[in-house]
Amino acid sequence: ILAANHHDPRQLLQILRQAQERAGHLPTALLERIASALTLPLAQVLATASFYSLLRTGPAPAYDILFADNITDRMQGGPALAAALCRALELAPGLPAGNGRVRVGTTSCTGLCDQGPALLVNQRPLTRMSAERVVPMADLIRRGVAVDDWPAEWFRIEPNLRRRDALLGAGLAPGEALAAALARSPGGLLAEIEASRLRGRGGAGYPTAAKWRACRAAPGEAHYVVCNADEGEPGTFKDRVLLSDFPQLVIDGMGIAAHAVGAHRGFIYLRGEYRHLLDPLEALLAERRRQGLLGTDILGRGFDFDIEIHLGAGAYVCGEESALLESLEGRPGRPRIRPPFPVSRGYRGQPTTVNNVETLALAGLVAIHGGEVFRAIGTAQSSGTKLLSVSGDVERPGIYEYPFGVTVAEVLADCGARATQAVQIAGAAGHCLAPAEFGRRIAFEDVPTGGSFMVFDERRDLFDVAHAFVDFFAHESCGFCTPCRVGTAVNRRLMDKIAAGRGVPADVAELAAMDRLLRSASHCGLGSTATLALTDIVDKFRPAFSRRLRTEDFVPAFDLDAALAPARQATGRDDRQAHFHPDPTPLPDE
Ligand code: SF4
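Everything in this summary refers to the structure shown in the same document. Computed from a prediction, not measured in an experiment: that's the story for all the values here. (Residues numbered from 1 in each chain as written. Predicted model: local features only at pLDDT ≥ 70, side-chain atom pairs only at ≥ 80, totals over all residues. Heavy atoms only, no water.)

Observations regarding the sheet that holds strand 6 (residues 224-229)
With mixed pairing, the 5 strands of this open sheet are ordered in space as 8-9-7-6-10. Of all the strands in the sheet, just strand 8 (295-298) and strand 10 (352-356) have a single pairing partner and so form its edges. Direction aside, neighbouring strands of the sheet carry axes that sit 25 degrees apart on average. Looking at chain direction, strand 6 and strand 7 (residues 265-270) are connected through 6 bridges and run parallel. (Pairing = 2+ DSSP bridges. Helix = DSSP H or I, 4+ residues; strand = E, 2+ residues; numbered from the N terminus. Axes fitted to C-alpha atoms, helices over the stretch in contact; angles between N-to-C directions.)

Here it is in structure tokens:
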């Protein structure tokens, strides 16, 4: 493994992933060997190994089963199925059992919201879990049957393509878009991208031409292209489908970006939960090298460009481009201080363009048809089409491609939503729309989204939705800056308190104070967007909160008497002084 990774310390995350795949987990002795071979301090290796949720430094159970804890998986019955599996196996949730052979726990999101409840079994995605599968699965585990020998249909992943438009319906041949781009000079290509007004599809909508121009103009020994396939936003799975069913469009797009910025090397940063896509993508890259579509002298045009795939290891924050670059260099994925921005100092301190999977695929349409044709699709400020990942309370979850400008109501009608109470746009980090807003348009100038479109009908309790998002951010905060580390933890405690029936109006006011703090003082986008959905739900769906609140001014976050009960029983004292506001009845010695 070390030799295959050229003993390069920047490959540390890949080395750890590969070592874990071979050894099952990463014991200290193995980490010491890796540190010594790479001449890295052990502390640095430990810091990386302990940062990522899919890396295991402790002993690995033979069956490590992680149910997706996304709100849509919860709605599809994931928690009840996890509990049923635990009962069938006679084990406690989250704890290794059967001499450490089995563990049933949770993971944030698997990118399979359209075919949940989903879970990872030894990091292999299993879709459409059902009550009928609980007993057979427990039986397979009890008999020690290898996961590779479990029923294949349990692991089937559907693309669920529901609506194609300019991109998914283009029917482009491998290399077709790249050839069209290479027929233009880099300057001519950039001019077309500028004319197209293509904007980044990850959610922020930064103009692609401006990013590529800045990268090309930045001085450096080498320039790099990075495809951000760390699709961790709950409710988003469009990149999974692009990479599984349309990977040629993405790889062509990376070549187009490389031609524009002057790069010869690129990376696909693939989220750890998409491990199942790694081998097919590696095979495809090898095939393209054989076809002269990757490597040296591509298409006989003297253009050299090749791609490596880096696998993430379970950290939502790595979707932020500077955190992704840290991860790509083998460190914990903590966002960098910016400026400098990656376009001038990115991978290895060199000019780097980091683009979303969908943005790169769309660049191929511009290369083929030209900027003006692309710009004619969509709205004035949002040209082209947008892929939506539709999940939740709909008849037909899956991928829908629309020209920008489609209304929320049109999407709801197409996917078979009924009695819709709310639509969560752009994942946990986005806004929650009420029915009065369903006439709004999906577009940067109205409702921007990276692609997540989660639907909640009237049966759903939106407090539970907000609670799930708060849990998510508390879990995914990287802990680097205090407002986010503490603010997301405080929010979780407040929501747990309200859920337990101990909430008061002051707690909702405290949530609003945390919202202001997180938006204004967080170091990166994770913290500054962590309360958008929560605040929307508090504001627009107030009864979901108010019906849970008591009317008192203050109720402590925990039950002091319950916490003291064991000590009181042991000492035989009632210890009433423990309360700030004791019972007015005088104590015996007063
Ligand atoms: Fe990390 Fe949160 Fe701070 Fe971002 S805002 S750097 S995720 S602690």
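Now that the structure has been shown, the text picks up again.
Some thoughts on the packing of aromatic side chains
Considering all chains together, one arrives at 14 aromatic pairs under this definition. Taken together through their ring pairs, the aromatic side chains of Tyr63, Trp150, Trp154 and Phe155 make up a single cluster. Lying over the aromatic face of Phe155, Arg124 brings its terminal NZ or CZ to 4.1 Å of the ring centre. (Phe/Tyr/Trp six-rings, centres within 6.5 Å; stacked < 30°, edge-to-face > 60°. Lys NZ or Arg CZ within 6 Å of the ring centre and 35° of its normal.)

Comments concerning the nonpolar core
In this structure, Leu16, Tyr52 and Phe545 are the most contacted members of the largest nonpolar core, which totals 75 residues. The biggest single contributor to this core is helix 17 (residues 462-476), with 9 residues. In contact with Phe545, not counting residues within four places along its chain, are Phe463, Ala466, Met495, Ile498, Val508, Leu511, Leu534, Ile537 and Val538. Ranked by size, the runner-up nonpolar core spans 59 residues in total, among them Leu178, Ile193, Ala209 and Leu278. (Core = buried A, V, L, I, M, F, W, Y, C linked by side-chain atoms within 4.5 Å. Buried < 20%, exposed > 50% of the residue type's maximum accessible area, 1.4 Å probe, protein only. Contact = heavy atoms within 4.5 Å.)

Some details on unusual backbone geometry
Residues apart from glycine generally show negative phi values, whereas peptide bonds are mostly found in trans. A cis amide bond links Arg338 to the next residue, Pro339, at an omega of 0 degrees. Here Pro339 is to be found in the loop between helix 13 (321-328) and strand 10. At Gln123, a position not held by glycine, the phi torsion is positive, near 70 degrees. Secondary-structure assignment places Gln123 in the loop between strand 3 (119-121) and strand 4 (124-126). Looking at Gln123, the relative accessible area reads 15%, which means it is buried.

What about the packing of helix 5 (residues 78-89) against helix 6 (residues 131-142)?
Running from amino to carboxyl end, helix 5 crosses helix 6 at an angle of 40 degrees, the nearest separation of the two axes being 9 Å. In terms of orientation, helix 5 and helix 6 fall into the oblique class. Crossing of helix 5 over helix 6 shows right-handed handedness. Across the interface between the two elements, Leu81, Ala84, Leu85, Ala88 and Leu89 of helix 5 pack against Ala131, Val134, Met137, Ala138, Ile141 and Arg142 of helix 6. (Parallel < 35°, antiparallel > 145°, perpendicular 65-115°, else oblique. Left-handed = near helix turned anticlockwise from the far one by under 90°.)

Remarks on the sheet that holds strand 14 (residues 432-433)
Read from one edge to the other, the open sheet built from 6 strands follows the order 5-12-11-15-13-14, with strand pairing classed as mixed. Each edge of the open sheet carries a strand with a single partner, namely strand 5 (161-163) and strand 14. Here strand 11 (residues 385-392) pairs with strand 15 (residues 452-457) via 4 bridges, running parallel. Of the residues in strand 15, the one forming a bridge with Ser391 is Met454.

Notes on helix 6
For helix 6, with 12 residues, the first-to-last C-alpha span of 18 Å sits near the 16 Å given by 1.5 Å per residue. Every buried residue of helix 6 is listed here: Arg133, Val134, Met137, Ala138, Leu140 and Ile141. The arc that holds the buried residues of helix 6, viewed along the axis, is 160 degrees, so those residues lie on one side. In helix 6, the exposed residues that point more than 90 degrees away from the buried face are Glu132, Val135 and Arg142. Considering only its buried residues, helix 6 is in contact with strand 1 (63-68), helix 5, strand 2 (102-107) and strand 4. (Expected span 1.5 Å × (residues − 1). Arc of directions from axis to C-beta.)

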